[in-house]
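# Examination of the molecular architecture
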Amino acid sequence: MLSALDRRDRPPDERAAAGLQGFAVDKNFLSSLKGILLETELDFLRCVSAIIIFLVVSIAAVTSRDGAAIAAFVFGIVLVSVFAYDAFKIYRTEMEPRATEGDQQ
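Residues numbered from 1 in each chain as written. Predicted model: local features only at pLDDT ≥ 70, side-chain atom pairs only at ≥ 80, totals over all residues. Heavy atoms only, no water.

### Observations concerning the packing of aromatic side chains
Note the threshold: Pairing of aromatic rings covers Phe, Tyr and Trp, the last through its six-membered ring, and needs centres within 6.5 Å; plane angles under 30 degrees mean stacked, over 60 mean edge-to-face, and all others mean tilted. Counting from the N terminus, the helices are DSSP H or I runs at least four residues long and the strands are E runs at least two residues long. Exposure classes here rest on a 1.4 Å probe applied to the protein chains alone. A residue is buried below 20% of its type maximum, exposed above 50%, and partly exposed in between.
Here the structure, examined in full by the defined rule, presents 1 aromatic pair. Ring centres of F54 and F83 lie 6.0 Å apart, and the angle between their planes is 15°; on these two criteria the pair is classed as stacked. Of this pair, F54 sits in helix α4 (residues 33–62) while F83 sits in helix α5 (residues 67–95), and the two are 29 residues apart along the sequence. On the basis of relative accessibility, which here comes to 29%, the residue F54 falls in the partly exposed class.

The structure is reproduced here in structure tokens:
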């Protein structure tokens, strides 16, 4: 009869590990054009959602008129400006439609 200690010392079942192969990162997809665009769009959405969250929290913090709340408001506004700059740079470098040579007449 096998005890719990015997089962723990055995290597994991091969069939159980084979079921997790669908969750592996596909490096071919991430290096393709579609994968790069997906990564860029997710990074841009991360910046936009951080801007919205920090702006709402900063405005909610300043309503208490406490010294620490005003410091949190200033820190939140600084973070909003940093994330806005990051979103702007992502848009300008990777998402903005580029003009071709025929369009630049």
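### Here's the deal with the nonpolar core
Counted only if it meets this: Buried residues of nine kinds, namely Ala, Val, Leu, Ile, Met, Phe, Trp, Tyr and Cys, make up a nonpolar core once their side-chain atoms join them within 4.5 Å.
Counting residues in hydrophobic clusters, the biggest one holds 7 residues: C47, A50, I51, V80, F83, A87 and I90. For this core, the elements supplying multiple residues, two or more each, are α4 and α5. Examining the composition of this core, we find that 4 residues originate from one element, α5, more than from any other.

### Considering the environment of Y85
Mapped onto the elements, Y85 comes out in helix α5. Judged by relative accessible area, Y85 falls into the exposed class, the value being 53%. Each C-alpha atom of the pair Y85 and C47 lies 9.1 Å from the other, and the pair is 38 residues apart in sequence.

### A closer look at unusual backbone geometry
A positive phi angle, near 60°, is found at R65, a position not held by glycine. Along the polypeptide, R65 turns up in the loop between α4 and α5.

### A look at the pattern of salt bridges
Going by this rule: Just to be clear on terms, a salt bridge is a Lys or Arg side-chain nitrogen sitting within 4 Å of an Asp or Glu carboxyl oxygen.
Counted under the stated rule, the structure contains 2 salt bridges. For the salt bridge of R46 with D43, the shortest nitrogen-to-oxygen distance reads 2.6 Å. Of this pair, R46 and D43 both sit in helix α4, 3 residues apart, which is roughly one turn of that helix. Between D86 and R46 there is a salt bridge; the shortest N-O distance is 3.2 Å. Residue D86 is found in helix α5, and its partner R46 is found in helix α4; the two are separated by 40 residues along the sequence. Residue D86 is classed as partly exposed on the basis of its relative accessible area of 28%.

### Observations concerning the packing of α4 against α5
Note the threshold: Axis definition: a line fitted to C-alpha atoms, over the contacting stretch in the case of helices. Angles run 0 to 180 degrees between N-to-C directions. Orientation is classified from the angle alone, with under 35 degrees giving roughly parallel, over 145 giving roughly antiparallel, 65 to 115 giving roughly perpendicular, and any other angle giving oblique. Throughout, a crossing is termed right-handed when the near helix is turned clockwise from the far one, and left-handed when it is turned anticlockwise from it by less than a right angle. Classification convention: Asp, Glu, Lys, Arg as charged; Ala, Val, Leu, Ile, Met, Phe, Trp, Tyr, Cys, Pro as nonpolar; all other residues, Gly among them, as polar.
It is at 8 Å that the axes of α4 and α5 come closest, and there the two elements cross at 160°. Here α5 runs roughly antiparallel to α4, going by the angle between their axes. Remark: the crossing between α4 and α5 carries left-handed chirality. The residue inventory of the contact of α4 with α5, partitioned by class, reads 22 nonpolar, 3 polar and 5 charged.

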